[in-house]
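Residue-level structure breakdown
As a plain string of letters, each chain reads:
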Amino acid sequence: MKRLLPLIALALVCAGPAMAGDARCLVDNLPADKRAQVEAAYARSVDEGLASSVYSEEDFEAMLTACKVSMTDDAQLTAAAKALAGYEAETGVALWLKANRDIDDRTLQGVWRATRLADPAVVDRAATDENLTANLVLELAAKLGLEAQEDLSNLAAYVSGRLMRQDSERRF
């Protein structure tokens, strides 16, 4: 189990009901005080949010149990951990964008849908093509009007996290 715990910090930004088998279910079963700690870390710095880990092995096991993820199936455990890590990065960067660039989640989602990132075939190719992923980050940045290196780095974390979540959620 310890090999699954080097997950990045959590932030709760996206709205919608949680269901077993998705990263949101896992996040919804983390104590609110720990979510608040992570939200504060991400609001200060995406790097700080990515580097933080505020929950214990027991917290992770409780999330898995609540979401009916088998703790004896290594493939499901790995997929759940990756989906959670992706969700954490995705929502954390969205929180940072809101706090530091006044880009709200509705705007971010609309811009995502207006790029090639909305095409599942492109997303599947991006999982194995670093050049494509880099171009998608630049496309997203251009549509959001972001040019600073910090913004590009943070958007790269957002795109990578979202793609990892989307791919991993299908597996648990």
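See the structure shown above.
This write-up is about the structure you can find in this document. All residue numbers refer to position in the chain's written sequence, counted from 1. Reporting of local features is limited, given that this is a predicted model, to residues whose pLDDT is at least 70; pairs of side-chain atoms are given and counted only at 80 or more, and all residues count toward the totals for whole chains, interfaces and linings. Hydrogens and water are ignored here; the side-chain numbers use all heavy atoms of the structure.

What to know about the pattern of salt bridges
Criterion for a salt bridge: a side-chain nitrogen of Lys or Arg within 4 Å of a carboxyl oxygen of Asp or Glu. This structure, assessed with the given rule, holds 12 salt bridges. A salt bridge links Asp28 to Arg24; the shortest N-O distance between them is 3.1 Å. Note that Asp28 and Arg24 are positioned in helix H1 (residues 23-28) at a spacing of four residues, about one turn of the helix. Given a relative accessible area of 30%, Asp28 falls into the partly exposed group. Judged by relative accessible area, which is 14%, Arg24 ranks as buried. Put simply, Arg101 and Asp151 hold a salt bridge, and the shortest N to O gap is 2.8 Å. Taken as a pair, Arg101 in helix H5 (residues 74-101) and Asp151 in helix H9 (residues 149-169) lie far apart in primary sequence, 50 residues in all. Accessibility expressed as a relative area gives 29% for Arg101, which makes it partly exposed. When a residue's accessible area, from a 1.4 Å probe over protein chains only, is under 20% of the maximum for its type it is buried; when over 50% it is exposed; and in between it is partly exposed. Taking the relative accessible area as the measure of exposure, Asp151 reaches 4% and is therefore buried. Taken together, the shared-partner salt bridges in this structure form one network comprising Asp124, Asp167, Arg170 and Arg171. The numbering of helices and of strands both runs from the N terminus, where a helix is a DSSP run of H or I of at least 4 residues and a strand a run of E of at least 2.

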